[in-house]
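Structural overview for review
Each chain, letter by letter, is given below.
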Amino acid sequence: MREIRVLGDPVLRTPAEPVEGFDRELRRLIDEMFEAMYAVDGVGLAGPQIGVPRRLFVYDINRRKGHMINPVLTVDDPEEVLDEEGCLSVPDRQTGTPIYATVARAAGVTVEGFDRLGRPQRVKARGSLARCFQHETEHLDGRLYVDRLPKPDARKIMLRT
Ligand SMILES: [Zn+2]
């Protein structure tokens, strides 16, 4: 089982490289990412979160399940929506569960990328799936949801990790 990396691990702050080979190794990696995500009841997981600095993520949220390789995110509806958001890589030191905070995100996005066989795919999303796509895509650029919070709020979260 792949270990989930937490805040303080440099891999989470390193921009990930594009996936190049659509081979068996990639398909195994995707399976392992789902396994690691389900093991901790997550709804999304990006490569860097298991120490793989590659541009891909998996998700399973509100009955929308999938994976996206080399994603490019476009904002379709920039209206800001506030909602609770947590991250498997930002766990509370005492409980081990994700710390949640209210984060502003765009209401609607489209993600374009490739599937495990290298076929182009595009998913349009609103609501929690749109939030998930924005969160996971940011992981690939070495960013975390705490970066979007006011500094004092981010600091409070850091103290709990
Ligand atoms: Zn996350």
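Each remark here, short or long, concerns the structure printed above.
Observations concerning the coordination of the zinc ion
The protein atoms that coordinate the zinc ion are Cys-87 (SG), His-135 (NE2) and His-139 (NE2), at distances spanning 2.0 to 2.2 Å. Look at where the donors of the zinc ion fall in the sequence and you get C-x47-H-x3-H. Pair noted here: Cys-87 is in the loop between β3 (64–85) and β4 (101–114) and His-135 is in helix α2 (residues 127–139), with a separation of 48 residues, a long-range link. Across the pair, His-135 and Cys-87 agree in class, each one buried.

Concerning the environment of Ala-104
Relative to the helices and strands, Ala-104 resides in strand β4. Spatially, the C-alpha atom of Ala-104 lies 15 Å from that of Asp-76, the residues being 28 residues apart in sequence. Beyond its immediate chain neighbours, meaning those up to four positions away, Ala-104 contacts Glu-80, Val-81, Leu-82 and Arg-148.

Section: the packing of aromatic side chains
Counting across every chain of the model gives 5 aromatic pairs. Taking 5.7 Å as the distance between ring centres and 45 degrees as the angle between the ring planes, the aromatic pair formed by Phe-57 and Phe-133 counts as tilted. With Phe-57 in strand β2 (residues 56–61) and Phe-133 in helix α2, the pair connects residues that are 76 residues apart, well separated along the chain. Summarising the burial analysis for this pair, Phe-57 and Phe-133 share the class buried. Considering the side-chain rings of Tyr-59 and Phe-133, the 4.9 Å spacing of their centres and the 85 degrees angle between planes classify their relative orientation as edge-to-face. Here Tyr-59 is found in strand β2, whereas its partner Phe-133 is found in helix α2, with 74 residues between them in sequence.

Quick notes on the pairing of β2
The buried fraction of β2 is high, at 5 of 6 residues. Pairing geometry for strand β1 (residues 44–46) and β2, over 3 bridges, is antiparallel. By the bridge assignment for β2, Gly-44 is matched with Tyr-59. Counting the residues between successive antiparallel strands, the hairpin from β2 to β3 contains 2 residues, one of them, Asn-62, with a positive phi of roughly 50 degrees.

Regarding α2
Over its 13 residues, α2 extends 19 Å from the first C-alpha to the last, a length consistent with the 18 Å expected when each residue adds 1.5 Å. Most of α2 sits inside the fold, with 11 of its 13 residues counted as buried. Where α2 is concerned, the buried positions are Leu-129, Ala-130, Arg-131, Cys-132, Phe-133, Gln-134, His-135, Glu-136, Thr-137, Glu-138 and His-139. Residues of α2 that are buried make contact with β1, β2, β3, β4 and β5 (120–126).

Here we look at the pairing of β4
By the criterion of burial, β4 is predominantly enclosed, with 10 of the 14 residues buried. Note that β3 and β4 share 12 bridges and pair antiparallel. Across the sheet, Asp-83 pairs through a bridge with Val-103, a residue of β4. Looking at chain direction, β4 and β5 are connected through 7 bridges and run antiparallel.

Rules used in this analysis
- Residues numbered from 1 in each chain as written.
- Predicted model: local features only at pLDDT ≥ 70, side-chain atom pairs only at ≥ 80, totals over all residues.
- Heavy atoms only, no water.
- Donors = N, O, S within 2.8 Å, 3.2 Å for Na, K, Ca; no water.
- Helix = DSSP H or I, 4+ residues; strand = E, 2+ residues; numbered from the N terminus.
- Buried < 20%, exposed > 50% of the residue type's maximum accessible area, 1.4 Å probe, protein only.
- Contact = heavy atoms within 4.5 Å.
- Phe/Tyr/Trp six-rings, centres within 6.5 Å; stacked < 30°, edge-to-face > 60°.
- Pairing = 2+ DSSP bridges.
- Expected span 1.5 Å × (residues − 1).

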